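# Secondary and tertiary structure notes
Chain by chain, the residues run as shown.
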Amino acid sequence: MGKLRFMTAGESHGPCLTAILEGLPSGLRPDIERINRDLGRRQQGYGRGGRMKIETDKAEILSGIRFGETLGSPITLRVTNRDWQNWTGRMAQFGKPEGPAVTEVRPGHADLVGVLKYDRRDARDILERASARETAARVAAGALCKEFLRALEINVASQVVNIGGVEVDRSQIDPEYIGRTASELNCCDLAAEEAMKRRIREAMEAGDTLGGVFEVIVKNLPVGLGSHIQWDCRLDGKLAQALMSIQAIKGVEIGEGFGYASLPGSQAHDEMFLDEQNRIYRKTNHAGGLEGGMTNGEELVIRACMKPIPTLMKPLNSVDIGSREPVLASKERSDVCAVSAASVVGEAMVAFTLAAEIIETFGGGSLTDIKRNIAAYKARLEEVM
């Protein structure tokens with residue numbers, strides 16, 4: 001029995017991306033088609049760039065699974081970069097450098113800070129790893145975590161709620177539709193989606209980019225994941241860190257989030273009542289499923305804000321780090337808007353964080369033991385709830 005953790009490796013235009021997921025219990029029978037479906041969802045979306053027409057991401061599982069069942073040992077996943085064949089000279093592991101160096105660093109990107117920190121002269125040494133292409137490996141690992149949660153009857157879904165200032169009308173959204181939409185933008189309000197597409201087209205024509213907001217919703221979590229005991233045990237903090245680690249994410253909120261600033265306490269908190277069976281329930285979920293750093297049994301609702309992508313087709317003013325001359329920032333093949341892709345990555349990071357918390361809370365090296373421990377815990381709560 002150990003701690004659930006994962007690491008990724010690989011560059012955007014290198015041979016492949018890899019992830020090693022360690023700590024997933026034995027006895028899980030993941031569906032590889034669902035894993036690859038999530039990888040496909042990450043590539044889709046209105047406003048995505050030309051790279052997504054080249055790649056067809058599939059996960060290869062190289063270790064940790066035998067005859068369709070997890071062994072409890074580390075799981076290695078590989079996602080091949082098909083575009084590598086066009087970059088073998090410029091991204092070779094050995095030999096002499098080929099191709100021009102990237103010296104016109106981009107505002108809003110890791111380019112300048114990275115070359116300063118790691119003492120490089122070519123920003124490609126930074127941007128290849130800083131690229132959001134890395135999230136393909138995260139989605140592969142997170143999809144396995146979603147399979148674990150699914151085995152515990154916990155569902156993780158997402159939706160885009162804002163792109164470029166166009167917001168959904170929540171009165172038009174069927175909660176049961178979230179996670180089942182065939183929308184190009186992972187948006188459950190069809191009228192808002194059309195307005196979002198128009199905004200994306202306008203940005204494309206202007207050589208600009210757009211950001212937005214997505215939310216992740218998790219159903220059927222057990223009460224009490226996380227802890228109030230220490231700052232680093234609070235689940236809300238862990239979730240915020242997981243989402244903030246995604247490239248271009250600049251803000252995270254749970255439940256009412258920043259909306260709390262405009263509410264009096266009488267409207268901000270979720271009152272408690274007793275039903276006919278004398279069980280405690282709430283009529284609202286302002287807290288987004290978390291109180292005191294712990295899950296409270298309601299749906300987990302967490303949102304993240306993605307800034308506009310910093311690679312613009314009409315570049316911003318910058319500086320050439322080689323010549324020290326004023327220039328326009330470099331252009332890389334990029335997206336106009338990738339909020340829908342970010343929502344899939346958000347699902348993966350939330351799923352990983354929750355899976356890790358469940359394994360830490362309920363222990364056991366096998367799925368059988370974890371299920372038994374959860375059942376015993378829920379039975380105890382039934383006596384007092």
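Presented here is a report on the structure given in the accompanying data block. Every value quoted in this text rests on a predicted model; they were computed, and no experiment measured them.

With that settled, consider the overall build of the chain. Along the chain, the regular secondary structure elements total 10 helices and 17 strands. Rg of the C-alpha trace for the chain: 22 Å, near the compact-globule value of 21 Å for 385 residues, within the 12% margin. Within the chain, contacts between residues separated by at least 24 positions form 70% of all contacts whose residues are at least 6 apart in sequence. As displayed, the chain offers around 19300 Å² of accessible surface, 52% of which is attributable to carbon and sulfur atoms.

Note: most residues except glycine have negative phi, and most peptide bonds are trans. Unusually for a residue other than glycine, F67 sits at a positive phi of about 55°. In this fold, F67 is placed in the loop between β4 (65–66) and β5 (69–70). Phi at D119 takes a positive value of approximately 55°, unusual for a residue other than glycine. Relative to the elements of secondary structure, D119 occurs in the loop between α3 (111–118) and α4 (124–130).

Glancing now at the nonpolar core. In this structure, F148 and I358 are the most contacted members of the largest nonpolar core, which totals 89 residues. A total of 16 residues in this core trace back to one element, the largest contributor, which is helix α9 (residues 339–362). Ignoring anything within four residues of it in the chain, the contact list for I358 reads F148, L149, L152, I154, L225, G363, I370 and I374. In terms of nonpolar packing, the next biggest core, distinct from the first, is built from seven residues, V115, I126, L127 and I321 among them.

Time to look at the pairing of strand β7 (residues 155–163). Burial runs high along β7: eight of the nine residues are buried. Where β7 and strand β9 (residues 212–219) come together, eight bridges link them in antiparallel fashion. Counterpart to I163 in the pairing with β9 is G212. Direction of pairing for β7 relative to strand β8 (residues 166–167): antiparallel, over a ladder of two bridges. Across the sheet, I163 pairs through a bridge with V166, a residue of β8. Counted between consecutive antiparallel strands, the loop separating β7 from β8 contains two residues, among which G164 sits at a positive phi close to 60°.

For the pair helix α7 (residues 235–244) and α9, the least separation of the axes is 9 Å and the interaxial angle reads 145°. Considering only the axes of α7 and α9, their crossing is right-handed. Side by side, α7 and α9 meet where L235, K238, L239, A242 and L243 of the first sit next to G346, M349, V350, T353, L354, E357 and E360 of the second. Taken together, the residues that form the contact of α7 with α9 break down as seven nonpolar, two polar and three charged.

Bringing the packing of aromatic side chains into the picture now. Applying the stated criterion across every chain, the model contains three aromatic pairs. Summarising the aromatic geometry, the rings of F273 and Y281 are spaced 5.8 Å apart at their centres and angled 35° between planes, so their arrangement reads as tilted. For Y281, a relative accessible area of 32% gives the class partly exposed. Taking the centre distance of 5.2 Å and the plane angle of 70° together, the rings of F362 and Y377 count as edge-to-face. Here F362 is found in helix α9, whereas its partner Y377 is found in helix α10 (residues 367–384), with 15 residues between them in sequence. A relative accessible area of 9% means that F362 is categorised as buried. For R90, the ring lying beneath its charged end belongs to W87, and the centroid distance is 3.8 Å. Over the face of the ring belonging to Y46 we find K197, whose NZ or CZ atom lies 5.4 Å from the ring centre.

Another aspect to go through is the pattern of salt bridges. All chains considered together, the criterion is met by 29 salt bridges. The closest approach of N and O atoms between R199 and E202, which form a salt bridge, is 3.9 Å. A residue pair is termed a helical-turn pair when its members lie 3 or 4 positions apart in one helix, as R199 and E202 do in helix α6 (residues 190–205) at three residues. R199 gets classed as partly exposed once you look at its relative accessible area, which sits at 32%. Note that R372 and D369 form a salt bridge whose closest N and O atoms lie 2.6 Å from each other. One end of the pair, R372, and the other, D369, are both in helix α10, three residues apart, so they sit about a helical turn from each other. Here the salt bridges share partners, and the residues they tie into one network are D31, R34, E147 and R150.

The rules behind these values
- Residues numbered from 1 in each chain as written.
- Predicted model: local features only at pLDDT ≥ 70, side-chain atom pairs only at ≥ 80, totals over all residues.
- Heavy atoms only, no water.
- Helix = DSSP H or I, 4+ residues; strand = E, 2+ residues; numbered from the N terminus.
- Rg over C-alpha atoms; globule rule 2.2 N^0.38 Å.
- Contact = heavy atoms within 4.5 Å.
- Areas by Shrake-Rupley, 256 points an atom, 1.4 Å probe, with all protein chains shown as cover.
- Core = buried A, V, L, I, M, F, W, Y, C linked by side-chain atoms within 4.5 Å.
- Buried < 20%, exposed > 50% of the residue type's maximum accessible area, 1.4 Å probe, protein only.
- Pairing = 2+ DSSP bridges.
- Axes fitted to C-alpha atoms, helices over the stretch in contact; angles between N-to-C directions.
- Left-handed = near helix turned anticlockwise from the far one by under 90°.
- Nonpolar A, V, L, I, M, F, W, Y, C, P; charged D, E, K, R; others polar.
- Phe/Tyr/Trp six-rings, centres within 6.5 Å; stacked < 30°, edge-to-face > 60°.
- Lys NZ or Arg CZ within 6 Å of the ring centre and 35° of its normal.
- Salt bridge = Lys/Arg side-chain N within 4 Å of Asp/Glu carboxyl O.

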